[in-house]
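# Reading the structure
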Amino acid sequence: MLYRENGQFKTSYRADQAVFPIAQDRLAILAIIAAAIVVVPFVAPEYLFRAILIPFLILSLAALGLNILVGYCGQISLGTGAFMAVGAYAAYNFQVRIEGMPLIASLLLGGVCSTAVGVLFGVPSLRIKGLYLAVATLAAQFFVDWAFLRVKWFTNDSASGSVSVAGLQVLGLPIETPVQKYLFCLAFVIVFALIAKNLVRGHIGREWMAIRDMDVAAAVIGIRPVYAKLTAFAVSSFIVGVAGALWGFVHLGSWEPAAFNIDRSFQLLFMVIIGGLGSIMGSFFGAAFIVVLPIVLDNLPYWFGIPIDTALAAHLTFMIFGALIVFFLIVEPHGLARLWSIGKEKLRLWPFPH
Amino acid sequence: MKLKSISTAIVIAAAAAAGLATSTAFAQAKEQFFPVLVYRTGAYAPNGVPWANGYVDYLKYTNAKGGMNGVKITYEECETGYATDKGVECYERLKGKGATVFQPLSTGITFALTEKAPGDKIPLITAGYGRSESQDGNVFKWNFPIAGTYWVAADALVQHVAKKEGGLDKLKGKKIALVYHDSPYGKEPIPLMQERSKLHGFDLQLLPVTAPGVEQKATWLQIRQSRPDYVFLWGWGVMNSTAIKEAVATGYPREKMYGVWWAGAEPDVKDVGDSAKGYNAVTMQHGTETGSKIVQEILKEVHGKGQGTGPKEEVGQVLYMRGVMSAMFAVEGVKRAQERYGKGKVMSGEQTRWGLENLALDQKKLDALGFAGVMRPVSTSCADHMGANWARVHTWDGSKWQFSSDWLQADESILKPMVKAAADKYAAEKKLTRRTPEDCQS
């Protein structure tokens, strides 16, 4: 009843091409962002920030990056963890080796290094496709793991291979309390989500989607596969690299290569698949599903005061989580984002469906 | 659908609020909360479970004995699965409940929490593991690697094999291979081994094994080719039994193999059984202590009353004892703090930190606690957060672990400069200054 677009006339192409053409959507998103910036910092407890909101924001940023590559350009990648690691370690090196390096600059430079590595490992995508490409990007994962474990220079000669950062600040403002960290990550996520959304609906995004849908046909109509595929790799690994740097700097504070191992790559790929391939919104849904749900499941017995063995609780979490993944993929193979848009379609007609 | 999910959310929120209310009610009743980070699942569970059982059993035992000067212990376990991010989540979850002291039980989690603990004013105990340079309490104010680090373990091992060879000078030209778990944990002993190898002129061969360590064929092929005089095994979980099996397959004598204490417990050799006979491991003071008084007490007071956490047969085994000892340090730290800040009171993290820093467990106290013969006295100070640097070597005889060496003491003349240099490097990176003598008094 409330959610309908009657009376919202579009009189210009601009209005027709808006990110959220429906006024209610626009308002809802603005309200959510405003609430995230203004209300959440005052009401949420510290645990919520540190254990849920910050990891959720950073991993949704990474999922967003991966979604550009897998969802929009159709290039399956299992090297996400590697690109995150490159971002984190590169940013660390900029921060440690260059005196007075601003934090944001080192994070972005981390992303730039990740872009270079991403493009390098994206080159095989010009010749190999589908699952074979997944295997090729797996090489990136193993190579990067190896490099950060073995090459001492990358870890500033730390004896154990574990590196850490402290005293983060932006323009004199410290990034120390959970609220500051949260707002810092939120700013990154909003900016990158906006950039990503505009990229995918611009000409470059259309090229990616054309390559995804059928690369031969795309080449025939004049899209250069080299350019389209490598830009997708570049943009994707840039965002993923920045997310990796945030994960290390802001969330963990101290990390070793194991923080970005193959499990992380799979986790992100699942986020994208469950959340919805080729959807910016889906990246957030997927991240929420994979980050928040296990923690909630883990906590349920304590909240209800059920005395339960720790091991049993952990196993139950795995089982319920796995069952839910299967359930959602059966109900809607196109991911939570599709479920969301179906819901919206239905809502438009409610309460009088034809 | 939507309404339903909203109503569930409300139910969950209400339950959470109820949980919060009860926990504050608990705090008023003179109860000290101990968070317990464990891994009872995953690849390392075989080693994590006995530790957790020992830890929790000791807490229960303390309560059965009337608590800490009347203050009862409450605790909550949190499963980390040995993952650093999961460990951080556990830390955040439990610290809000008034955590006294954290024991991360993972080198990776220790590194992450080292950054967070000072801000939250919660001490970390890493008994026998963690970062070796954190012995330097002047830089690492909140870290307590009580009674040993991996550097102590490695140093004791080098001394032990030197003794076998007939003196440290006899090590010249010998070859020692370090087979290690490729993680911060496995890499910890490397600086010390390198230092020792420079000093005595033995060859150090570094052989990393990718976690979790089920694939070691290539590593042992290298060992077969280079035939090192000794193999030090910095392995863990499934990696240990795999390494011993590979040693059998390549014909490397088990008598020449020395594990760290994580590679020297029952789960590591049980599956291999007889072929592991002769395999040695360094212990950070204690070994299997089924005969000790504390074990008998726990069996009587906890298991005897049907309160035991794990199987009865495992009580007193190596890793179980490690859990017991770690819990004892935490409890004694709180008790020591009570001596200064008021007996029978609930201690804050800061007060507990003082207690841990001024821990004085002399022989008399250890005897009273039932730890006679299990360990040697520990006494910490502002500069030294480790408090004891003794170790022993024990050997698997096919069915049980038996001590095969006398007490070994790590060489402070080697350790001290290394600890100081590493701590200084950390302080410089973090722009920290060393603590002043006045700060030590607080």
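Our subject is the structure listed above.
Because the structure is predicted, anything quoted here is derived from the model rather than measured.

Each helix and strand in chain A was counted, giving 14 helices and four strands. For 354 residues, the compact-globule estimate of 2.2 N^0.38 gives 20 Å, and the C-alpha radius of gyration of chain A, at 21 Å, lies within 12% of that figure. Structurally, chain A occupies a C-alpha span of about 70 × 60 × 45 Å along its principal axes. The contacts in chain A between residues at least 6 apart in sequence include a share of 74% that link residues at least 24 apart. When the accessible surface of chain A is split by element, carbon and sulfur atoms take 73% of a total near 16,600 Å².

When its secondary structure is counted, chain B shows 16 helices and 14 strands. Whereas a compact globule of 442 residues would reach a radius of gyration of roughly 22 Å, chain B reaches 22 Å, a difference of no more than 12%. Overall, the C-alpha framework of chain B stretches about 65 × 55 × 45 Å when taken along its three principal axes. Looking at chain B as a whole, 61% of its 442 residues are labelled buried. Relative to all contacts within chain B whose residues are 6 or more apart in sequence, the contacts with residues 24 or more apart total 70%. Counting only carbon and sulfur atoms, one obtains 55% of the accessible surface of chain B, whose full area is about 16,000 Å². Charge centroids of chain B, computed over 55 positive and 47 negative side chains, lie 2 Å from each other.

The subject of this paragraph is helix α15 (residues 412–430) of chain B. Helical geometry note: an α-helix holds 3.6 residues per turn, so side chains three or four residues apart project in the same direction. All names here are of chain B. Between its first and last C-alpha atoms α15 spans 26 Å; for 19 residues at 1.5 Å apiece the expected length is 27 Å, and the two agree. Looking only at α15, the buried set comprises Ile414, Leu415, Met418, Val419, Ala422, Ala423, Tyr426, Ala427 and Lys430. Looking one or two residues past α15, Lys431 carries a phi angle of roughly 55°, positive in sign.

Across the boundary between the two partners, chain B contributes 36 residues, which contact 35 residues of chain A. Counting each side, the surface lost to burial between chain B and chain A is near 3,100 Å², with a carbon and sulfur contribution of 55%. Ranking the residues of chain B by area buried against chain A places Glu92, Arg93 and Lys187 of chain B at the top, with a combined share of 16%. Taken together, the links from chain B to chain A amount to six salt bridges. Taken together, the connections running from chain B to chain A amount to 14 residue pairs in polar contact (both at pLDDT 80 or more). Breaking the side of chain B that touches chain A down by element, the ones donating at least two residues are α1 (2–28), β2 (72–79), α3 (84–95), α4 (107–120), α6 (184–187) and α15 of chain B. Per element, the largest residue contribution to the side of chain B that touches chain A is eight residues, and it comes from α3 of chain B.

This brings us to the pairing of strand β5 (residues 175–181) of chain B. Residues and elements named next belong to chain B. The element β5 is largely enclosed, with a buried count of six among its seven residues. Here seven bridges tie β5 to strand β6 (residues 203–209), and the two strands are oriented parallel to one another. Within β6, the residue paired with Tyr180 across the bridge is Pro208. Bridge count between β5 and strand β7 (residues 230–234): five bridges; the pairing is parallel. By the bridge assignment, Leu178 is partnered in β7 with Phe232.

This part covers the pattern of salt bridges. Under the criterion given, the structure shown has 35 salt bridges over all chains. Of the charged contacts in the structure, one is a salt bridge between Glu297 of chain B and Lys300 of chain B, with a shortest N-O distance of 3.9 Å. Of this pair, Glu297 of chain B and Lys300 of chain B both sit in helix α11 (residues 293–301), separated by three residues, roughly a single helical turn. Residue Lys300 of chain B is classed as exposed on the basis of its relative accessible area of 53%. Where Arg435 of chain B meets Glu357 of chain B, a salt bridge forms, and the shortest distance between an N and an O atom there is 3.0 Å. Separated by 78 residues along the polypeptide, Arg435 of chain B in the loop between α15 and α16 (437–441) and Glu357 of chain B in helix α13 (residues 349–357) bring together distant segments of the chain. In terms of burial, Arg435 of chain B and Glu357 of chain B fall into one category: buried. A single salt-bridge network, built from bridges that share partners, covers Glu46 and Arg50 of chain A together with Glu92, Lys95 and Asp120 of chain B.

Attention shifts here to the side chain of Asn47 of chain B. All names here are of chain B. When you line up the elements, Asn47 lands in helix α2 (residues 45–64). Under the relative-accessibility criterion, Asn47 is labelled buried at 1%. Among the polar contacts made by the side chain of Asn47, one reaches the main-chain carbonyl oxygen of Trp262 at a distance of 3.4 Å. Here Asn47 is in contact with Trp236, Gly237, Trp262, Pro267, Asp268 and Leu319, once residues within four sequence places are set aside.

This part takes up the packing of aromatic side chains. Each aromatic ring pair is summarised here by two numbers: the centre-to-centre distance and the angle between the ring planes. A complete count under the given rule lists 39 aromatic pairs over all chains for this structure. Relative to Phe238 of chain A, the ring of Phe192 of chain A lies with its centre 5.9 Å away and its plane at 50°, an arrangement referred to as tilted. Placement of Phe192 of chain A in helix α7 (residues 178–200) and of Phe238 of chain A in helix α10 (residues 225–252) is noted, with a sequence separation of 46 residues between them. A ring pair is formed by Tyr150 of chain B and Tyr185 of chain B, whose centres lie 5.2 Å apart and whose planes are at 65°; its orientation type is edge-to-face.

Residues and elements named next belong to chain B. Between its first and last C-alpha atoms helix α9 (residues 238–250) spans 18 Å; for 13 residues at 1.5 Å apiece the expected length is 18 Å, and the two agree. Residues of α9 that are buried: Met239, Asn240, Ser241, Thr242, Ala243, Ile244, Glu246, Ala247 and Thr250. Along its buried surface, α9 packs onto β5, β6, α8 (217–226), β7, β8 (257–259) and α10 (266–270). Backbone geometry just after α9 places Gly251 at a positive phi near 75°.

Let's shift gears to the packing of helix α3 (residues 46–72) of chain A against α3 of chain B. Two quantities define a packed helix pair, namely the angle between the helix axes and the distance between the axes. Interhelical geometry of α3 of chain A versus α3 of chain B gives an angle of 170° and a closest axis separation of 9 Å. Overall, the two elements α3 of chain A and α3 of chain B adopt an arrangement that is roughly antiparallel. Contact with α3 of chain A, carried on its side by Glu46, Tyr47, Arg50 and Ala51 of chain A, involves Glu89, Glu92, Arg93 and Lys95 of chain B of α3 of chain B and no other residues of that element. Residue composition of the contact of α3 of chain A with α3 of chain B, grouped by class: two nonpolar, no polar and six charged.

Reading guide: rules and limits
- Residues numbered from 1 in each chain as written.
- Chains lettered and ligands numbered in written order.
- Predicted model: local features only at pLDDT ≥ 70, side-chain atom pairs only at ≥ 80, totals over all residues.
- Heavy atoms only, no water.
- Helix = DSSP H or I, 4+ residues; strand = E, 2+ residues; numbered from the N terminus.
- Rg over C-alpha atoms; globule rule 2.2 N^0.38 Å.
- Contact = heavy atoms within 4.5 Å.
- Areas by Shrake-Rupley, 256 points an atom, 1.4 Å probe, with all protein chains shown as cover.
- Buried < 20%, exposed > 50% of the residue type's maximum accessible area, 1.4 Å probe, protein only.
- Lys, Arg positive; Asp, Glu negative; His and termini not counted.
- Charge placed at Lys NZ, Arg CZ, Asp CG, Glu CD.
- Expected span 1.5 Å × (residues − 1).
- Buried area = accessible area lost by both parts, 1.4 Å probe.
- Salt bridge = Lys/Arg side-chain N within 4 Å of Asp/Glu carboxyl O.
- Polar contact = N/O pair within 3.5 Å; in protein donor to acceptor, adjacent residues only side chain to side chain.
- Pairing = 2+ DSSP bridges.
- Phe/Tyr/Trp six-rings, centres within 6.5 Å; stacked < 30°, edge-to-face > 60°.
- Axes fitted to C-alpha atoms, helices over the stretch in contact; angles between N-to-C directions.
- Parallel < 35°, antiparallel > 145°, perpendicular 65-115°, else oblique.
- Nonpolar A, V, L, I, M, F, W, Y, C, P; charged D, E, K, R; others polar.

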